[in-house]
Amino acid sequence: MRLFVALAIPTEVREKIAALIRELRGADTNPKWINPDNLHVTLKFIGEVTPEKAVEIGDALATVQTQQSVVVEFREIGFFPDARRPSVAWVGIHSAQVLSDLAGEVNRALVPLGISREEKPFVPHLTIARFKETGLSPHLRTEIEKQRSREFGALATGEFHLIESKRKAAGAEYTTLRSFRFAPEQSKGSRP
């Protein structure tokens, strides 16, 4: 089983990013554009494990807690490593420290199971395209520059998910195995 831990994205945000991907794909079909149905905020990529290990992982993740929910804004478009030689195009994720803290707690919970802690700093983003060849076509560069500061909406949640990724000919297929509440429920009328 190939697993990862993630936050789900609201339908409204997903639809706005899907519209962006359609527009950018119209400018250049060469990058591998991500299926918007597969977008999620990854907290931890776990990798291949046995079904028994998946149960242990789920039990460990059930212990993860934070003092507050995560509030995230999806906005802006950028590249890794940079716009001159892009390997990935992304939509930015802007959040308070609690999102990084949550990713840290997920890591902490999994280390006793032999799952390595992330060495790189947590940089939340949504990958929207992968580039086989570095360099943007002039037409795509122009379109991205026009869209660079676009906003896609927000997410407020106190729940994350353990997800299985199955590789299929048509692309990855994701199945949520378990969901976990990590923050106290908000009372009606209060905001996370």
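For the structure, see preceding data.
Residue numbers here run from 1 along each chain, matching the order of that chain's written sequence. For this predicted model, a pLDDT threshold of at least 70 governs which residues receive local features, and a threshold of 80 or more governs which side-chain atom pairs are given and counted, while totals over whole chains, interfaces and linings are taken from all residues. Values reported for side chains reflect all heavy atoms of the structure, with hydrogen atoms and water molecules removed beforehand.

## Some points on the overall build of the chain
- Along the chain, the regular secondary structure elements total four helices and nine strands.
- The linear arrangement of helices and strands in the chain, starting from the amino end, is β-α-β-β-α-β-β-α-β-α-β-β-β.
- Radius of gyration: over C-alpha atoms. The globule rule applied is 2.2 Å multiplied by the number of residues raised to the 0.38 power. Taking 16 Å as the expected radius of gyration for a compact globule of 192 residues, we find that the chain reaches 17 Å, a close match to that expectation.
- Along the longest, intermediate and shortest principal axes, the C-alpha atoms of the chain span 50 × 45 × 30 Å.
- Exposure categories follow from relative accessible area, calculated using a 1.4 Å probe and restricted to protein chains: below 20% of the type maximum is buried, above 50% is exposed, and the middle band is partly exposed. Looking at the chain residue by residue over its 192 residues, the buried ones come to 43%. By the criteria applied, helices consist of DSSP H or I runs no shorter than four residues and strands consist of E runs no shorter than two, each listed in order from the N terminus.

## Observations concerning the environment of Ser95
- Of note, Ser95 is situated in strand S5 (residues 88–95).
- The spacing of Ser95 and Leu155 is 60 residues in sequence and 9.7 Å in space, taken between C-alpha atoms.
- The criterion used for residue contact is that any of the two residues' heavy atoms lie within 4.5 Å. With residues up to four places along the chain from it excluded, the contact list for Ser95 reads Val70, Val71 and Val72.

## A closer look at the packing of aromatic side chains
- Classification of ring pairs rests on two measures: the distance between centres of Phe, Tyr or Trp rings, Trp counted by its six-membered ring, which must be within 6.5 Å, and the angle between planes, read as stacked under 30 degrees, edge-to-face over 60 and tilted in between. Scanning all chains against the criterion turns up five aromatic pairs.
- Centre to centre, the rings of Phe79 and Phe131 are 6.3 Å apart; their planes meet at 55°, and the pair counts as tilted. Taken as a pair, Phe79 in strand S4 (residues 70–80) and Phe131 in the loop between strand S6 (125–130) and helix H4 (138–147) lie far apart in primary sequence, 52 residues in all.
- Using a relative accessible area of 6% as the deciding quantity, one classes Phe79 as buried.
- By relative accessible area, which is 10% here, Phe131 ends up buried.
- Measuring from centroid to centroid gives 5.6 Å for Phe80 and Trp90, while their planes differ by 40°, and the two rings are tilted. Of the two residues, Phe80 sits in strand S4 while Trp90 sits in strand S5, which places them ten residues apart along the sequence.
- Here Trp90 falls in the buried class, since its relative accessible area comes to 18%.
- Taken together, the ring pairs in this structure connect Phe160, Phe180 and Phe182 into an aromatic cluster.

## A closer look at the sheet that holds strand S2 (residues 32–33)
- Reading across the sheet, the five strands line up as S2-S6-S5-S4-S7 and stay open at both edges, with antiparallel pairing between neighbours. Each edge of the sheet is formed by a strand with only one pairing partner; in this case those strands are S2 and strand S7 (151–157).
- In this analysis, axes come from line fits to C-alpha atoms, helices being fitted only over the stretch in contact, and the angle between any two N-to-C directions falls in the range 0 to 180 degrees. Helix-sheet contacts for helix H1 (residues 11–27) involve S2, S4, S5, S6 and S7, and the interaxial angle to S7 is about 150°.
- Across the sheet, helix H3 (residues 97–110) lies against S4 and S5, angled at about 90° from S4, the strand it touches most. Strands are treated as partners if at least two bridges between them are detected by DSSP.

## Description of the side chain of Thr127
- Structurally, the position occupied by Thr127 is in strand S6.
- Classification of Thr127 by relative accessible area gives buried; the value is 16%.
- Think of a polar contact as two N or O atoms within 3.5 Å of one another; within protein, one of them needs to be a possible hydrogen donor and the other a possible acceptor, and neighboring residues in sequence only count if both atoms come from side chains. A polar side-chain atom of Thr127 sits 3.5 Å from a polar atom in the side chain of His125.
- Excluding residues within four positions of it along the chain, Thr127 makes contact with Ile34, Leu39, Val88, Ala89 and Trp90.

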